Amino acid sequence: MIETTKNTKTVKAQTKVYDHLFIAIFGKDTERSKRWRLELYNALNNTNYTDPNELELNTLENVIYIKMHNDVSFLIDSQMTLYEHQRTTNPNMPLRGFFYFAQLYQKYIDSKHELIGTSTIIRIPNPNYIVFYNGDTERDEDCELKLSDAFMHEDKSGRFEWTARVLNVNKEYNLSLQKKCKPLYDYIQFVSRINENKEKGMSIEEAVDEAVDWACELNLLEGYIREQKAEVRMNLLTEYDEEAYVRIWLRDGRMQQAVENAKTMLADKLLPEKVSHYSGLPLEQVLELQKQLELQKQIVTK
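Residues numbered from 1 in each chain as written. Predicted model: local features only at pLDDT ≥ 70, side-chain atom pairs only at ≥ 80, totals over all residues. Heavy atoms only, no water.

1. Some remarks on the pairing of strand S9 (residues 163–168)
And then number 1: Where strand S7 (residues 126–133) lies against S9, 4 bridges are found, and the strand directions are parallel. Along S9, the bridge assignment pairs Phe 132 with Leu 167.
And then number 2: Where strand S8 (residues 142–146) meets S9, 5 bridges bridge the pair, whose relative direction is antiparallel. Each bridged residue has a counterpart across the sheet, and for Lys 146 the counterpart in S9 is Thr 163. (Pairing = 2+ DSSP bridges. Helix = DSSP H or I, 4+ residues; strand = E, 2+ residues; numbered from the N terminus.)

2. Overview of the packing of aromatic side chains
And then number 1: Under the definition given, this model contains 12 aromatic pairs.
And then number 2: Their ring planes at 85° and their centres at 6.1 Å tell us that Trp 36 and Tyr 224 sit as a pair that is edge-to-face. Separated by 188 residues along the polypeptide, Trp 36 in helix H2 (residues 31–45) and Tyr 224 in helix H7 (residues 224–227) bring together distant segments of the chain. Here Trp 36 and Tyr 224 have matching classes, each one buried. (Phe/Tyr/Trp six-rings, centres within 6.5 Å; stacked < 30°, edge-to-face > 60°. Buried < 20%, exposed > 50% of the residue type's maximum accessible area, 1.4 Å probe, protein only.)

3. Digging into the packing of helix H5 (residues 182–199) against helix H6 (residues 204–218)
And then number 1: Closest axis-to-axis distance for the H5/H6 pair is 8 Å, and the angle between their directions is 140°. In terms of their interaxial angle, H5 and H6 are classed as oblique. For the pair H5 and H6, the sense of crossing is right-handed. Residues Gln 189, Phe 190, Arg 193, Ile 194, Asn 197 and Lys 198 of H5 form the contact with H6, whose own contacting residues are Ile 204, Ala 207, Val 208, Glu 210, Ala 211, Val 212, Trp 214 and Ala 215.
And then number 2: Across the contact of H5 with H6, the residue classes break down as 9 nonpolar, 2 polar and 3 charged. (Axes fitted to C-alpha atoms, helices over the stretch in contact; angles between N-to-C directions. Parallel < 35°, antiparallel > 145°, perpendicular 65-115°, else oblique. Left-handed = near helix turned anticlockwise from the far one by under 90°. Contact = heavy atoms within 4.5 Å. Nonpolar A, V, L, I, M, F, W, Y, C, P; charged D, E, K, R; others polar.)

4. Looking at H5
And then number 1: Taking 1.5 Å per residue, 18 residues should reach 26 Å; H5 reaches 26 Å between its end C-alpha atoms and fits that length.
And then number 2: Along H5, the residues classified as buried are Pro 183, Leu 184, Asp 186, Tyr 187, Ile 188, Gln 189, Phe 190, Val 191, Ser 192, Ile 194, Asn 195 and Asn 197. (Expected span 1.5 Å × (residues − 1).)

5. Some thoughts on the pairing of S7
Consecutive side chains along a regular strand alternate between the two faces of the sheet.
And then number 1: The element S7 is largely enclosed, with a buried count of 6 among its 8 residues.
And then number 2: As defined by bridge partners, strand S6 (residues 79–86) adjoins S7 across 8 bridges and the pair is classed as parallel. Looking across to S7, one finds that His 85 is bridged to Phe 132.
And then number 3: Tracing the backbone out of S6, into helix H3 (residues 93–111) and back to the parallel element S7 gives a crossover that is right-handed. (Right-handed = clockwise from strand over helix to strand, strands pointing away.)

6. What about a negative patch on the surface?
And then number 1: Together, Glu 144, Asp 149, Asp 155 and Glu 161 make up a region of like negative charge exposed at the surface.
And then number 2: Inspection of the secondary structure assignment puts Asp 149 in the loop between S8 and S9. (Patch = residues over 30% accessible without salt bridge, like charges linked within 9 Å, V, L, I, M, F, W, Y side chains within 5 Å. Areas by Shrake-Rupley, 256 points an atom, 1.4 Å probe, with all protein chains shown as cover. Salt bridge = Lys/Arg side-chain N within 4 Å of Asp/Glu carboxyl O. Lys, Arg positive; Asp, Glu negative; His and termini not counted. Charge placed at Lys NZ, Arg CZ, Asp CG, Glu CD.)

7. Examining the pattern of salt bridges
And then number 1: Counted under the stated rule, the structure contains 12 salt bridges.
And then number 2: One salt bridge connects Arg 96 with Glu 84, and the closest N-O pair in it is separated by 2.2 Å. Of this pair, Arg 96 sits in helix H3 while Glu 84 sits in strand S6, and the two are 12 residues apart along the sequence.
And then number 3: For Lys 229, the salt bridge identified is with Asp 213, shortest N-O distance 3.1 Å. Taken together, the residues span a long stretch of sequence, with Lys 229 in helix H8 (residues 229–267) and Asp 213 in helix H6 at a distance of 16 residues.
And then number 4: Residue Asp 213 is classed as partly exposed on the basis of its relative accessible area, which comes to 38%.
And then number 5: Connected through salt bridges with shared partners, the residues Glu 154, Lys 156 and Lys 274 form a single ionic network.

8. Details of the side chain of Gln 189
And then number 1: Inspection of the secondary structure assignment puts Gln 189 in helix H5.
And then number 2: According to the relative accessible area criterion, Gln 189 is buried, its value standing at 14%.
And then number 3: Sequence-distant contacts of Gln 189, defined by excluding residues within four places in its chain, comprise Lys 171, Gln 178 and Trp 214.

Interpretation in functional terms is not warranted from these geometric data alone.
Here's what the structure looks like:
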C-alpha cells in the first residue's frame, strides 16, 4: 500500500481557496492526479508501480512553521518521500524538511501504536526529500542542500545531517526526467510559456491568459487546463502575487537583519568569505561592510 500525506497552505482569493498549480496537478485526491503522481514517482525512482488506487491522501494538521507550500509525501516500499515545489531559492529547505518529517514520523509511529520509551528499536521508513525548483535564479540541474550548512559552527563530522535534494525543472533542465513523465513535461512547458511571455513585456495577467489559451489548444495535461481554466488562472495569479510579496519581504526585512548579522560576525573577526556564506549576502557587499567598520574604528580611535 502507498500512503500519501498532504499539507495544504491555503490562499483566499475572491472568498475561494486555491491550491498552487504544481500540487493541483500532482497532489489531488482524483483518479487523474493519482495516476500523474504515480508516474512522477516512477520517473524519479526508476520503478514501475502500476496501481494509482493504492495512493491515499491524508492531511497533517497544525503545521508549526509559517509558510509551507502544498507538500505531498508518499509512504511506499519502506521509503517516505516528500515532494515540495519552490519558485524562489531557499537555503532553509533542509530545516523545513526536518520539521516536516518530524511530524510525519510522529504520525507514522502513532499509527503503529509504538512507544518510543521501550527497549526495542522502532523501525521507520527511509526519508527522501525532493524539492522541485523552477524559479528565475540560476541553479544546478540536481543539487543537495545540507542542514549542516546552517550550523552556527562549521561541523564536518557528519554525525548529524539532513538533506534536501533540489531538482531544477526549468525548461532546459532534467530533460530525461521530463521525457519519462509527460505530466511534468506539460507542466514545465506551460510555466515556461508564462515566463517567456513576461520576458516579452507582457503583464502577469496577459502572460498567464495567453499561456492558458495556448495550453488549451495543445491539450496539455490531458485537457486539465481547459477543464479548470478559471481555477488554473487564479492559481497562477495567486502564486505570482505571493512571490512578489516574498521578494519585498526579503528585501525590506530579512536583508536588514542579514546586514546586522554580517556586521556582528565581522566584528568577531570571521573571514569575509564565511560571513558571506552564513549571512547569505554577496561577498562584495560583505567586503564593503568590512571597509565601513574599519573606517568607523579609525574615526573612534582618533
